[in-house]
Amino acid sequence: MASLQLKNVYKVYPSGVTAVTDFNLDIEDKEFIVFVGPSGCGKSTTLRMIAGLEEISAGELWIDGELVNNRAPKDRNIAMVFQNYALYPHMTLYDNMAFGLKLRKVPKDIIDQKVKEAARILGIEQYLSRKPKALSGGQRQRVSLGRALVREPKVFLLDEPLSNLDAKLRSQMRTEITKLHNRLATTFIYVTHDQVEAMTMGTRIVVMKDGFMQQVDTPINLYDYPINQFVAGFIGTPQMNFFTAKLTGTPDKVYVEFGTDKVLLPAKKVAAIKDLDAYLNTDKEVTFGIRPEDIHDEPAWLKSKNPKLTVKVDVIEALGSETLLYCKTMAAAHDAESIDSIVDDVSNLVAKVDSRSYTKTGDTIEVALDVIHCHLFDKETEMTILNRDLSIAAPSQLPVTEAPETIKPIKE
Ligand code: ADP
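The structure presented is a predicted model; accordingly, all values stated were derived computationally and were not measured.

(A) How the structure looks around the overall build of the chain. Across its full length, the chain holds twelve helices and 20 strands. Along the first, second and third principal axes, the C-alpha set of the chain runs to 75 × 60 × 50 Å. By residue count, 48% of the 412 residues in the chain fall in the buried class. Sequence separation of 24 or more characterises 69% of the internal contacts of the chain that already satisfy a separation of 6 or more. Only carbon and sulfur atoms are counted for the fraction: they give 52% of the accessible area of the chain, which is about 20600 Å². Side-chain charges in the chain split into 50 positive and 56 negative, and the spacing between the mean points of these groups amounts to 10 Å.

So, in structure tokens, the structure goes:
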């Protein structure tokens, strides 16, 4: 159990690459912090500085109130789990898990107790006499978690631990790691490029880009209140749709205009705009963002008062649980008429609709926008221009539908 503080931390590699710039974070005891971002954004470097495997170029790292910049990795009471498991191939699982404790001259009976306890928690007791090569990827990763577990560290550092596993095993291990965190009640710091892992596991997520922290927040706040366009695009699949737009109208009737479309914003959304005067009927452009799941083709939505767009459906992906419609707005469809190459023929709107949608490829349809959940960014700075309004976030503004009259209770 430990709290950590990173204060103005930088990493400049000898090659001159600045991998991490001014990283500031207070991590509370028992948190599950996830560092997420595209490859090369500095996640692993930050984790390795916490572990003591990389020197901190500038700034301070505090663990439980102690400055540890110059403390050797073995003295930081931290355990690290790697993507490639880093197991000793010639040793049994038991010896792999016991190895670190043997080096520390822990008495044999205590080692035995700890290894067996860790193996029990991780469900690998029956494999303890095997060597790593006789195990599946998931089992190997459990051993490498077990090796960390027996040390009873203050902090667990996990560097893309699930990247070598197939999709099914990854989701299983995700829940296992979450359960392990709940059970151990220890601080976890987890690095991944996979936003699904970040969203499902983290109590707080640090989104990084090019060595800079972008936003630190809970998963749901990152989803509902992305601070900038990068975070908005990074969190959520398929990614948020973006349109360069202008705000027009009057203060009590504000429209978002893009292409040949014009969308009326609800008064609540307008009230959340930080500096409406700067954008309303001026040259200053905004980026209008709407998530695929906030675009609907169901009849109930089309009958609602929510604004509609007419779009042309290019491609349909029926995924079973949901259907993705890759569409073009009317302006984009018009522009695309002269495009020959399929590479340049880009759909500019993706909708995630009900899997029982009747929409067909090539259709021109109306879609309704759940516009209360839209996002607005300054075109130039890419920062959000919306204040947080907790009443706007969940639950979704579903249109009111009347209950069918024909359903009768089974027993009168
Ligand atoms: P991530 O974990 O987010 O993929 P890294 O922390 O591994 O990113 O790398 C961040 C940046 O630092 C990248 O530009 C990478 O090329 C660079 N980098 C990483 N390790 C070294 C190193 N040992 N020497 C020089 N540059 C490095």
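Having put the structure on the table, let's press on.
(B) Inspection of the site of the ligand at higher detail. Taken together, the neighbourhood of the ligand is formed by Tyr13, Ser15, Val17, Ala19, Pro38, Ser39, Gly40, Cys41, Gly42, Lys43, Ser44 and Thr45. At a separation of 2.7 Å, an oxygen atom of the ligand approaches a polar backbone atom of Gly40. Protein chains bury 61% of the 560 Å² of accessible surface belonging to the ligand in isolation. Ranked by residues supplied to the shell around the ligand, first place goes to helix H1 (residues 43-51) with three residues.

(C) Here's a closer look at helix H3 (residues 108-122). Here H3 spans 21 Å end to end across 15 residues, near enough to the 21 Å set by a 1.5 Å rise per residue. When H3 is considered as a whole, its buried residues turn out to be Ile111, Val115, Ala118, Ala119 and Leu122. Seen end-on, H3 carries its buried residues on one side only, within an arc spanning 100 degrees. In this structure, H3 carries Asp109 and Gln113 as exposed residues pointing more than 90 degrees from its buried face. Structurally, H3 contributes buried residues whose contacts are with helix H2 (93-103), helix H4 (137-149) and helix H5 (167-184). Count one or two residues on from H3 and you reach Gly123, which has phi positive near 70 degrees.

(D) Representation of the side chain of Thr329 in the model. Turning to its location among the elements, Thr329 is positioned in strand E17 (residues 323-329). In this view, Thr329 contacts Phe243, Phe258, Asp261, Thr310, Val311 and Asn348; residues no more than four positions away in its chain are not counted.

(E) The arrangement of the domain arrangement of the chain in detail. Per the domain assignment, the segments making up the chain are domain 1 (4-233) and domain 2 (234-397). Spacing between the C-alpha centres of domain 1 and domain 2 amounts to 37 Å. Facing the 22 residues of domain 1 at the interface are 20 residues of domain 2. For domain 1, the biggest contributors to the area lost against domain 2 are Tyr223, Tyr225 and Gln229; these three give 36% of the whole. The interface formed by domain 1 and domain 2 holds one salt bridge in total.

(F) Expanded view of the side chain of Ser304. On the secondary structure map, Ser304 appears in the loop between helix H11 (299-303) and strand E16 (308-318). You can call Ser304 buried: its relative accessible area is 14%. Of the polar contacts made by the side chain of Ser304, one reaches the backbone oxygen of Trp301; its length is 2.5 Å.

(G) Spatial organisation of the nonpolar core. In terms of nonpolar packing, the biggest core is built from 44 residues, with Met97, Leu145, Leu158, Ile177, Tyr190 and Val207 touching the most fellow members. The element that contributes the greatest number of residues to this core is H3, accounting for five residues. When neighbours within four sequence positions are excluded, Met97 is seen to be in contact with Val115, Ala118, Ala119, Ile124, Leu128, Val143, Gly146, Arg147 and Val150. One finds Val254, Val263, Ala272 and Ala351 within the second-largest nonpolar core, a separate group that totals 34 residues.

(H) Local environment of the pairing of strand E18 (residues 349-353). In terms of burial, E18 is largely enclosed, as five of its five residues are buried. Judged by which residues are buried, E18 turns out to be covered on both faces: Leu349, Ala351 and Val353 on one side and Val350 and Lys352 on the other are all buried. Where E17 meets E18, five bridges bridge the pair, whose relative direction is antiparallel. Within the sheet, the bridge partner assigned to Cys327 lies in E18 and is Leu349.

(I) Region of the structure containing the environment of Phe82. You can see Phe82 is positioned in the loop between strand E6 (78-81) and H2. Looking at Phe82, the relative accessible area reads 25%, which means it is partly exposed. Sequence-distant contacts of Phe82, that is, excluding residues within four places in its chain, are made with Arg48, Leu53, Gln141, Asp159 and Pro161.

(J) Highlighting the sheet that holds strand E9 (residues 204-209). Here six strands make up an open sheet; going across it, the order is E6-E7-E8-E3-E9-E10 and the pairing mixed. Edge strands, defined here as strands with exactly one partner in the open sheet, are E6 and strand E10 (212-217). Direction aside, neighbouring strands of the sheet carry axes that sit 15 degrees apart on average. Along the sheet face, H5 touches strand E3 (32-36), strand E7 (155-159) and strand E8 (187-192) and points at about 160 degrees away from the line of E8.

Quick notes on the rules
- Residues numbered from 1 in each chain as written.
- Predicted model: local features only at pLDDT ≥ 70, side-chain atom pairs only at ≥ 80, totals over all residues.
- Heavy atoms only, no water.
- Helix = DSSP H or I, 4+ residues; strand = E, 2+ residues; numbered from the N terminus.
- Buried < 20%, exposed > 50% of the residue type's maximum accessible area, 1.4 Å probe, protein only.
- Contact = heavy atoms within 4.5 Å.
- Areas by Shrake-Rupley, 256 points an atom, 1.4 Å probe, with all protein chains shown as cover.
- Lys, Arg positive; Asp, Glu negative; His and termini not counted.
- Charge placed at Lys NZ, Arg CZ, Asp CG, Glu CD.
- Near = heavy atom within 4 Å.
- Polar contact = N/O pair within 3.5 Å; in protein donor to acceptor, adjacent residues only side chain to side chain.
- Expected span 1.5 Å × (residues − 1).
- Arc of directions from axis to C-beta.
- Domains from an automatic or database assignment.
- Buried area = accessible area lost by both parts, 1.4 Å probe.
- Salt bridge = Lys/Arg side-chain N within 4 Å of Asp/Glu carboxyl O.
- Core = buried A, V, L, I, M, F, W, Y, C linked by side-chain atoms within 4.5 Å.
- Pairing = 2+ DSSP bridges.
- Axes fitted to C-alpha atoms, helices over the stretch in contact; angles between N-to-C directions.

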